[in-house]
Amino acid sequence: KQKKKKSLRPLFKLPTHINVGIPVHLTGGVILPGQSMGNRIGALCVRVPSSSATAITMKQHLKKTHESLYYVKRTPTALLTHI
């Protein structure tokens, strides 16, 4: 009998980017005791790089993720999802 050779190729290819939904507390800051967040929550949908994109260091991966979030966090997108 011949042994089957194991394939070095993965069964599937991981994506280079992932779409994520991030909940956002619209009034910001800390929720004080006795307060509730209530219905003051929005969301951001952002495309971020996955760690499988290339052989990069964690520091480089964190920088790429930060860059992808930096702009969208400064837009009114989360507020508009609440309205």
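Residues numbered from 1 in each chain as written. Predicted model: local features only at pLDDT ≥ 70, side-chain atom pairs only at ≥ 80, totals over all residues. Heavy atoms only, no water.

A. Expanded view of the nonpolar core. Judged by nonpolar contacts, Leu44, Val46, Val48, Leu69, Val72 and Ala78 together constitute the single largest core of 6 residues. Counting residues per element, this core draws most heavily on strand S2 (residues 41–49), at 3 residues. Residue contacts for Val72: discarding those within four places in its chain leaves Leu44, Val46 and Thr77. (Core = buried A, V, L, I, M, F, W, Y, C linked by side-chain atoms within 4.5 Å. Buried < 20%, exposed > 50% of the residue type's maximum accessible area, 1.4 Å probe, protein only. Helix = DSSP H or I, 4+ residues; strand = E, 2+ residues; numbered from the N terminus. Contact = heavy atoms within 4.5 Å.)

B. Representation of the side chain of Ser50 within the structure. As for its position among the elements, Ser50 is in the loop between S2 and helix H1 (58–70). A polar contact of 2.5 Å, which involves the side chain of Ser50, links it to the backbone oxygen of Pro15. (Polar contact = N/O pair within 3.5 Å; in protein donor to acceptor, adjacent residues only side chain to side chain.)

C. Examining the packing of aromatic side chains more closely. According to the stated counting rule, one finds 0 aromatic pairs in the structure shown. The cationic tip of Arg74 hangs over the ring face of Tyr70; the distance from NZ or CZ to the ring centre is 3.8 Å. (Phe/Tyr/Trp six-rings, centres within 6.5 Å; stacked < 30°, edge-to-face > 60°. Lys NZ or Arg CZ within 6 Å of the ring centre and 35° of its normal.)

D. Quick look at H1. Taking 1.5 Å of rise per residue, the 13 residues of H1 would be expected to cover 18 Å, and the 18 Å separating its terminal C-alpha atoms lies within 8% of that figure. Among the residues making up H1, those that are buried are His61, Thr65 and Leu69. For H1, the angular spread of buried residues about the axis comes to 70°, placing them on one side. In H1, those exposed residues whose orientation departs by more than 90 degrees from the buried face are Lys59 and Lys63. Buried residues belonging to H1 abut strand S1 (17–25) and S2. (Expected span 1.5 Å × (residues − 1). Arc of directions from axis to C-beta.)

E. View of the side chain of Thr65. You can see Thr65 is positioned in helix H1. Aside from chain neighbours lying at most four places away, what touches Thr65 is Val48 and Pro49.

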